[in-house]
Amino acid sequence: MVIKENVDLKPFNTFGIKSIAKRFYVVENNDDLLNLFNNYRLEKFFVLGGGSNILLINEYYPDVIFLDNQELKIISSDKDFTIVEVSAGYNWHKFLEFCLQNNLYGMENLALIPGNCGAAPIQNIGAYGVEQSDFFYSATAFDIKTKSFKVFDNKDCNFSYRESIFKKNRNFIITDIRYKLKNYFVPNLEYNELKNLDSKNITAVELFNKIIEIRRKKIPYPEQMGNAGSFFKNPIVNYDKLEELKNKYENLPFYTFNSEFKISAGWLIEKSGLKGFALNDAAVSDRHSLVIVNKGNATGEGIYN
């Protein structure tokens, strides 16, 4: 474990907010976590991964734990499926590239989501008709109360739309995740923007690259302009509410979700006239209304407001 002092967190969060960590603990393995919680007194700490799911409000934080474990390996394989294990600190997009290179299929639609793998189960990331929970097998997490490691299978995690046990219970620090992926490719083209693709002839690499192309066009990437990607959940309504809205708005975009319906949050924001709206350097993107951006010198408090 490496301990640094007075670290500027601007390079460690995709909003590009300047904030100082008085103590910055670089955790590279599970032994480092045990050492940290057994031998150090932490003051109002928080755990930092890829920095794409956080907004730093304060100018100063006493203790920041930075997960930088980087292991990736295949655990087991049979005729149809392979289980692959990845460390929490490993970059999500690079992990998906590894899966493609090793002919492990299913999560192509989740390409280019910013951040690290440890964050993926926390809010159950999803995009273009696929959620990580569809292929999640298990995860190992450190319980900061008992100072021990626990394994969670898919059912243990209580996954739902952008929810999980890890989002509701912050006593757990995810250290490793395992995914059960297919050894054969079946494209998921249910999302509207993918329905015109040829399901019989498209390859996994072509679908992966198509998702990247769509995301690049719609979402400003953090190296271009500070942001945390798509920022809003789509509201979920029942059939009666959907019919009421359809009677008011002829072109209402919606998607079937289990026995209910998702209404497009992006459409709602645009109908409210807020696409491109700015307060100083904090703004709703003029490219994609689901994205809040830092146009240069926004503060965390400004983006929050």
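Anything mentioned here points back to the structure above.
So, here's what we can say about the structure.

Scoring rules and cut-offs
Residues numbered from 1 in each chain as written. Predicted model: local features only at pLDDT ≥ 70, side-chain atom pairs only at ≥ 80, totals over all residues. Heavy atoms only, no water. Helix = DSSP H or I, 4+ residues; strand = E, 2+ residues; numbered from the N terminus. Buried < 20%, exposed > 50% of the residue type's maximum accessible area, 1.4 Å probe, protein only. 1 Å grid on protein atoms, 1.4 Å probe; cavity = no way out; pocket = protein on both sides within 12 Å on 5 of 7 lines; lining within 4 Å. Points joined across faces, edges and corners; volume = space filled by probe spheres on them. Pairing = 2+ DSSP bridges. Arc of directions from axis to C-beta. Contact = heavy atoms within 4.5 Å.

### Some words on unusual backbone geometry
Working note: non-glycine residues mostly have negative phi, and peptide bonds are mostly trans. Even without being a glycine, N124 presents a positive backbone phi close to 50°. Take N124: it is sitting in the loop between helix 2 (92-101) and strand 7 (126-127). Classification of N124 as buried rests on a relative accessible area of 0%. Phi at Y128 takes a positive value of approximately 50°, unusual for a residue other than glycine. Assignment of secondary structure puts Y128 in the loop between strand 7 and strand 8 (130-131). By relative accessible area, Y128 is classed as buried at 8%.

### Focus: empty space enclosed by the protein
Summary: where empty space remains is shown by rolling a probe the size of a single water molecule over the atoms. The final tally for this structure, using the stated rule, is 1 cavity of 30 Å³ or more. Considering only enclosed or pocket space, the largest cavity measures out at about 60 Å³ in volume. Lining the largest cavity, in full, are L96, C99, L100, L104, Y105, G106, M107, E108, L181 and F208. Per-element accounting of the lining of the largest cavity gives the leading share, 3 residues, to helix 2.

### What about the sheet that holds strand 15 (residues 260-263)?
Strand order across the open sheet formed by 3 strands is 13-15-14, with antiparallel pairing between neighbours. Strand pairing shows two members of the sheet lacking a second neighbour, strand 13 (236-237) and strand 14 (254-257), which therefore form its edges. For strand 14 and strand 15, the ladder comprises 4 bridges, and the chain directions are antiparallel. Across the sheet, F257 pairs through a bridge with E260, a residue of strand 15.

### Overview of helix 1 (residues 30-39)
For helix 1, the complete set of buried residues consists of D32, L33, L36 and F37. Around the axis of helix 1, the buried residues are gathered within 120° of arc, so they sit on the same side. Relative to its buried face, helix 1 has exposed residues pointing more than 90 degrees away, namely D31 and N39. Buried-residue contacts for helix 1 involve strand 2 (20-27), strand 4 (60-67), strand 9 (136-143), strand 10 (148-153) and strand 11 (172-182).

### Looking at the pairing of strand 11
Walk down a regular strand and you will see the side chains alternate between the two sheet faces. Where burial is concerned, most of strand 11 is hidden: 9 out of the 11 residues are buried. As defined by bridge partners, strand 6 (residues 81-87) adjoins strand 11 across 7 bridges and the pair is classed as antiparallel. If you follow V86 over to strand 11, its bridge partner there is I177. Where strand 9 lies against strand 11, 7 bridges are found, and the strand directions are antiparallel.

Coordinates in, geometry out; function isn't part of it.
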